[in-house]
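Here is how the chains run, residue by residue.
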Amino acid sequence: MAAIAAHPGFRPHRVVVLALDGLLPFELGIPHRIFGRPKDTRGRHLYEVVTCSIRPPGPVGTDADFDIHVAHGPEALATADTVIVPASYELGPVYEDGVLTAELAAALAHVRPGTRLASICTGVYVLAAAGRLDGRPATTHWSDAERLQRLFPQIAVDPDVLFIDDGDVLTSAGVAAGIDLCLHMVRSDHGAVVANEVARRTVVPPHRDGGQAQYIERPVPDPQQASTTTARAWALGRLHQPIQLRDMAAQESMSVRTFTRRFREETGVSPGQWLTQQRVERARHLLESTDLSVDQVAHDAGFGTAQSMRQHLQTALGVTPTAYRRTFRAGEGKAPEVPQGTKTLRT
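Values in this document were obtained by computation on a predicted structure and should not be read as measured data. (Residues numbered from 1 in each chain as written. Predicted model: local features only at pLDDT ≥ 70, side-chain atom pairs only at ≥ 80, totals over all residues. Heavy atoms only, no water.)

Draft legend 1. Up close: the pairing of strand S6 (residues 116-120). Within S6, five of the five residues are buried, which leaves it mostly tucked inside the rest of the structure. Neither face of S6 is exposed, since Arg116, Ala118 and Ile120 on one face and Leu117 and Ser119 on the opposite face are all buried. Bridge analysis of strand S5 (residues 82-85) against S6 gives four bridges, and the strand direction is parallel. Directly across from isoleucine 84, in S6, lies its bridge partner alanine 118. (Buried < 20%, exposed > 50% of the residue type's maximum accessible area, 1.4 Å probe, protein only. Helix = DSSP H or I, 4+ residues; strand = E, 2+ residues; numbered from the N terminus. Pairing = 2+ DSSP bridges.)

Dropping the structure here:
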């Protein structure tokens, strides 16, 4: 807190995590791990993470053989810039009938209008029962998607994606997808450089697109089967050059057809989608961290022309390269101009 006091104009973004009975400790810890890391160039934490219960401070049961002590009651929700609801296995009528308990409804009444809301896995049932997802797209763990859709027909449930960003409400699939969602929020708030540093320290992939399939057929390649790892590494080393599918397949000594099938099985996306994602990430990094012209960034990221890069960034991020650079190099302490209502969809 001393750093904050030394700079009275600075206030970290407050993330309040709602701990419900039956919570999964791993998922409860995700927001603290991801949002607890980012700092600005002065060493100040960009986020403040607080955990609260729907009851006065005290124990909250988990799905493990231990309880946790939560130091904040529901009043903490009134202080949130972002509220995150992790998964719980004891949602009762919320999960069974799609209705909030009186206690949970009273707690959620503390949330201020305009607060960003997010859920991890079955936490989506809380947002749905509260009416925050009516007429909007949402996702959850693939095994729960059909039930969620049946219970809440007014929601456009997509069971095939890792997360969906619908502006002020974000939802994700289970477990690791919660990490992807939190990293996505950091990236949206403070840019790829900050998010990538958090990912490096957490030892997780810096970016998995929200539209990537939840269920990847072969996430760990069978040692008896050839994988596409070498081809991906080869492509990453020459993103600035034209890359043909047949050239990637040749790195693994596969036919194009076999390579395409194996690639999708291992990554959840096609080779073309993957290349576009990597080039967008490369462009984001260069726009944030260098003074290269937009034309040079487009060349180095492999888009060829500034117009092509502009179209891809507009599709992926909802902003132009110039606007993206201006947002994330605007100066210390300035809130980023994040586009609202941008959905993370399959590309």
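We are not done yet, so read on.
Draft legend 2. Molecular detail of the sheet that holds strand S2 (residues 47-52). Taking strand neighbours across the sheet as the criterion, the six strands line up as S2-S1-S5-S6-S10-S9 in an open arrangement whose pairing is mixed. The open sheet has two edge strands with one neighbour each: S2 and strand S9 (163-165). Going across the sheet, the axis of each strand differs from the next one's by a mean of 15 degrees, ignoring polarity. Sheet topology places S9 next to strand S10 (residues 169-172); three bridges connect them, and they run antiparallel. Its bridge partner being in S10, aspartate 165 is matched across the sheet by leucine 170. Sheet contacts for helix H2 (residues 25-35): strand S1 (13-18), S2, S5 and S6; angle to S2, the most-contacted strand, approximately 160 degrees. Helix-sheet contacts for helix H7 (residues 176-190) involve S2, S5, S6, S9 and S10, and the interaxial angle to S10 is about 150 degrees. (Axes fitted to C-alpha atoms, helices over the stretch in contact; angles between N-to-C directions. Contact = heavy atoms within 4.5 Å.)

Draft legend 3. View of the nonpolar core. Counting 34 residues, the largest nonpolar core has Ile34, Phe35, Ile84, Cys182, Met185 and Val186 as the members making the most contacts within it. Elements with a minimum of two residues in this core: S1, H2, S6, H7 and helix H8 (192-202). Sorting elements by how many residues they give to this core places H7 first, with seven residues. Aside from chain neighbours lying at most four places away, what touches isoleucine 84 is Val15, Val16, Val17, Leu18, Pro31, Phe35, Ala118, Ile120, Cys182 and Met185. One finds Cys52, Ile54, Val111 and Ala128 within the second-largest nonpolar core, a separate group that totals 32 residues. (Core = buried A, V, L, I, M, F, W, Y, C linked by side-chain atoms within 4.5 Å.)

Draft legend 4. Examining the confidence of the model for the chain more closely. Taken over all residues, the pLDDT of the chain has a mean of 87, while the share at 70 or more is 86%. Every residue in residues 1-6 is under pLDDT 50, and counting partners more than four places away or in other chains gives three contacts. Note on residues 331-347: pLDDT under 50 across the span, and 39 contacts to partners over four residues away in sequence or across chains. (pLDDT = per-residue confidence, 0-100.)

Draft legend 5. How the structure looks around the pairing of S2. Judged from the six bridges that link them, S1 and S2 form a sheet pairing that is parallel. Directly across from arginine 14, in S2, lies its bridge partner glutamate 48.

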